[in-house]
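# Tertiary structure, described
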Amino acid sequence: MDPMDIVGKSKEDASLPKATMTKIIKEMLPADVRVARDAQDLLIECCVEFINLISSESNEVCNKEDKRTIAPEHVLKALQVLGFGEYVEEVYAAYEQHKYETMQDSQRSVKMNSGAEMTEEEAAAEQQRMFAEARARMNGGVSVPQPEQQQLEETQQTNLQS
């Protein structure tokens, strides 16, 4: 295959991460099976070609529906058209699993962010408390309260009591 055969791009532009692909290949085979480097390279090139084929057909399906964005349904239809219909159910299940995991990750991220939120006053009071601790360490353990710090500490105590 000529390096410029893949949609006018060089071989390096249209490739998959070699380490990741090698890991996937090894995970799919028994532990005692070895794969020659040439065979690994060929498998990677086949994967790139398969992705190009599915992408191209998905684009055609999308265009026939007068859509401008390829959606998962277009990819599933492309698999059918190209004769990979027996894989549609498995691909759809993998897609649903991916959606579920992505949703859970975003929910975890929201929980982590919302739990860590403070009001502006609380954040300022916490900042002043940390400054005071740092000053105390610098002054050999003697804390010298600053006037605005005392006011913020009083505000923080009032907020905690509420």
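Residues numbered from 1 in each chain as written. Predicted model: local features only at pLDDT ≥ 70, side-chain atom pairs only at ≥ 80, totals over all residues. Heavy atoms only, no water.

The name an unreviewed UniProt entry gives the protein is Protein Dr1 homolog, with Camelina sativa as the organism.

### Side note on the overall build of the protein
Scanning the protein from terminus to terminus reveals six helices and zero strands. Counting from the amino terminus, the protein carries its helices and strands in the arrangement α-α-α-α-α-α. Looking at the protein as a whole, 15% of its 162 residues are labelled buried. Across the protein, every contact between residues at least 6 apart in sequence was considered, and the portion connecting residues at least 24 apart equals 38%. (Helix = DSSP H or I, 4+ residues; strand = E, 2+ residues; numbered from the N terminus. Buried < 20%, exposed > 50% of the residue type's maximum accessible area, 1.4 Å probe, protein only. Contact = heavy atoms within 4.5 Å.)

### Section: unusual backbone geometry
A positive phi angle, near 55°, is found at aspartate 66, a position not held by glycine. Position of aspartate 66 among the secondary structure elements: in the loop between helix 2 (37–64) and helix 3 (72–81).

### Notes on the packing of helix 1 (residues 18–28) against helix 2
Where helix 1 meets helix 2, the axes come as close as 10 Å, and the angle between the chain directions of the two elements is 105°. The angle between the axes of helix 1 and helix 2 places the two elements in the roughly perpendicular class. Taking contact as the criterion, the partners of Lys18, Met21, Thr22, Ile25 and Lys26 in helix 1 are, on helix 2, Gln40, Asp41, Leu43, Ile44 and Cys47. Of the residues that constitute the contact of helix 1 with helix 2, the class distribution is five nonpolar, two polar and three charged. (Axes fitted to C-alpha atoms, helices over the stretch in contact; angles between N-to-C directions. Parallel < 35°, antiparallel > 145°, perpendicular 65-115°, else oblique. Nonpolar A, V, L, I, M, F, W, Y, C, P; charged D, E, K, R; others polar.)

### Thoughts on the side chain of glutamate 57
Among the secondary structure elements, glutamate 57 is positioned in helix 2. The charged side chain of glutamate 57 is buried without a salt bridge, its nearest counter-charge being lysine 64 at 5.0 Å. (Lys, Arg positive; Asp, Glu negative; His and termini not counted. Salt bridge = Lys/Arg side-chain N within 4 Å of Asp/Glu carboxyl O.)

### Description of the packing of aromatic side chains
Taken as a whole and assessed by the stated rule, the structure comprises three aromatic pairs. Here the aromatic rings of phenylalanine 50 and phenylalanine 84 are separated by 5.3 Å at their centres, their planes lie at 90°, and the arrangement is edge-to-face. One end of the pair, phenylalanine 50, is in helix 2; the other, phenylalanine 84, is in the loop between helix 3 and helix 4 (88–115), with 34 residues separating them in the sequence. Look at phenylalanine 84 and tyrosine 87: their rings are 6.4 Å apart centre to centre, the planes differ by 45°, and that puts the pair in the tilted class. Here tyrosine 87 falls in the partly exposed class, since its relative accessible area comes to 40%. Feature note: the residues Phe50, Phe84 and Tyr87 constitute an aromatic cluster, connected by ring pairs. (Phe/Tyr/Trp six-rings, centres within 6.5 Å; stacked < 30°, edge-to-face > 60°.)

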